[in-house]
Amino acid sequence: MSSVLRMVPAPRGEGAAGSGAAPVGHQVLCADGPAPESVVAYVERELPPGGIPAYRAARGSGARSFVLWADEQRRERLATLVTVSAGSGVAAYQVLGARGELVGTVVREKALRGRGLRTRWTVTPTGGQQAVGFKGRILWWCVWWLLSPLQTLVIVASLLSGDGDAARGPRRIVWRAGGRAALEFRSKGDTVHLHAPGYDLRLGAALMAVLRTFDSPLLGNEWDDAKD
């Protein structure tokens, strides 16, 4: 049975007790079968010394940095996603545990800049098999590009509908390891499905969070690109 992860805005509670900090903005939820969803992690950006302006300037190259907390008061750090390298359309990330141990790696190779016509995502859990996935099916990309002369109308329709999927193009990703589907991102509902048994939820939650930072620059809805 697959675990299903999704990222949503966190309830507007309080920040860390006595710190005056703003509350954590987002959380990753997990559903296992018929059981109710539970919170896997609270997610927020980890800002560099230059603060928000420095973070937003660096993210243009693909750099990302954020923290996964066990609670909204920021008392226990579950994991951290850090950028190992970013540039020329390729970005490599490490997911580190609370003690700095390597949980896994994520590599994004932008379409036409990496090793293919589609954006390639590679996820490797520590001690596990590398899983490779490509954004969108080739058939649907062909359809999308055939409609490109009408993209202005598509974007307007997407904004009016509140969906945005058409303007964002095909987004489904299936990661395969050893010939089997280990992970899957479904654009309908923006969910990550962990098909491989025993998959580390910290890596799954970090993958969910970093995927959502590449949602759609055109529609301006990436969670980590806020100005405050």
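Structure shown above.
Read on for a plain summary of the structure.

Each value, and the rule that gives it
- Residue numbers run consecutively from 1 along every chain, following the written order of its sequence.
- Local features are withheld for residues below a pLDDT of 70 in this predicted model, meaning they are given only at 70 or higher, and side-chain atom pairs are given and counted only at 80 or more; totals for whole chains, interfaces and linings count all residues.
- Working from all heavy atoms in the structure, the side-chain values ignore hydrogens and water.
- In the sections that follow, a salt bridge refers to a side-chain nitrogen of Lys or Arg positioned within 4 Å of a carboxyl oxygen of Asp or Glu.
- Secondary structure elements follow DSSP: runs of H or I no shorter than four residues count as helices, runs of E no shorter than two count as strands, and numbering proceeds from the N terminus.
- Accessible area is worked out with a 1.4 Å probe on protein chains only. A residue is then buried under 20% of its type maximum, exposed over 50%, and partly exposed in between.
- Definitions used for this entry: grid spacing 1 Å over protein atoms alone; cavity, a set of points where a 1.4 Å probe fits but cannot get out; pocket, an open set with protein on both sides within 12 Å along at least 5 of 7 lines; lining residue, one with an atom within 4 Å of a point.
- Grid points are joined across faces, edges and corners, and a volume is the space filled by probe spheres set on the points.
- Throughout this entry, Asp, Glu, Lys and Arg are counted as charged residues, while Ala, Val, Leu, Ile, Met, Phe, Trp, Tyr, Cys and Pro are counted as nonpolar. The remaining residues, Gly among them, count as polar.
- What makes two residues a contact is simply this: any of their non-hydrogen atoms within 4.5 Å.

The final tally for this structure, using the stated rule, is 16 salt bridges. In this structure, arginine 56 engages aspartate 225 in a salt bridge whose closest nitrogen and oxygen atoms are separated by 3.0 Å. Of the two residues, arginine 56 sits in helix H1 (residues 51–58) while aspartate 225 sits in the segment after helix H5 (201–211), which places them 169 residues apart along the sequence. Judged by its relative accessible area of 25%, aspartate 225 is partly exposed. When the shortest N-O distance is used, the salt bridge between arginine 171 and aspartate 215 registers 3.8 Å. With a gap of 44 residues between them, arginine 171 in the loop between helix H4 (165–168) and strand E10 (173–177) and aspartate 215 in the segment after H5 connect regions that are remote in the sequence. Accessibility classification places arginine 171 together with aspartate 215 in one group, the buried group.

In total, this model carries 1 cavity of 30 Å³ or more according to the counting rule given. Considered as a void within the structure, the largest cavity measures approximately 120 Å³ in volume. Lining the largest cavity, in full, are Arg108, Thr119, Trp121, Lys135, Arg171, Ile173, Phe185, Leu211, Arg212, Phe214 and Asp215. Its residues assigned to classes, the lining of the largest cavity comprises 5 nonpolar, 1 polar and 5 charged.

Its location among the elements puts tryptophan 121 in strand E8 (residues 120–125). Overall, the relative accessible area of 3% leaves tryptophan 121 in the buried class. The spacing of tryptophan 121 and alanine 131 is 10 residues in sequence and 8.3 Å in space, taken between C-alpha atoms. When residues no more than four places from it in sequence are discounted, the contact partners of tryptophan 121 are Val106, Val107, Arg108, Ala131, Val132, Gly133, Ile173, Trp175, Val210, Leu211 and Phe214.

Left-over empty space is what a probe sized like a water molecule reveals as it rolls over the atoms. In this model, the second largest pocket occupies a volume close to 370 Å³. When residues in the lining of the second largest pocket are grouped by element, the largest group, 3 residues, is from strand E3 (residues 38–45). Its residues assigned to classes, the lining of the second largest pocket shows 9 nonpolar, 2 polar and 6 charged.

Here we take up the environment of valine 28. If you trace the backbone, valine 28 turns up in strand E2 (residues 26–32). In the structure, valine 28 is positioned 23 residues away from leucine 5 in sequence and 6.6 Å away in space, judged by C-alpha atoms. Apart from the residues within four sequence positions on either side, valine 28 is in contact with Leu5, Arg6, Met7, Ser38, Val39, Val40, Ala41, Val43, Ala205 and Met208.

That is the geometry; function is a separate question.
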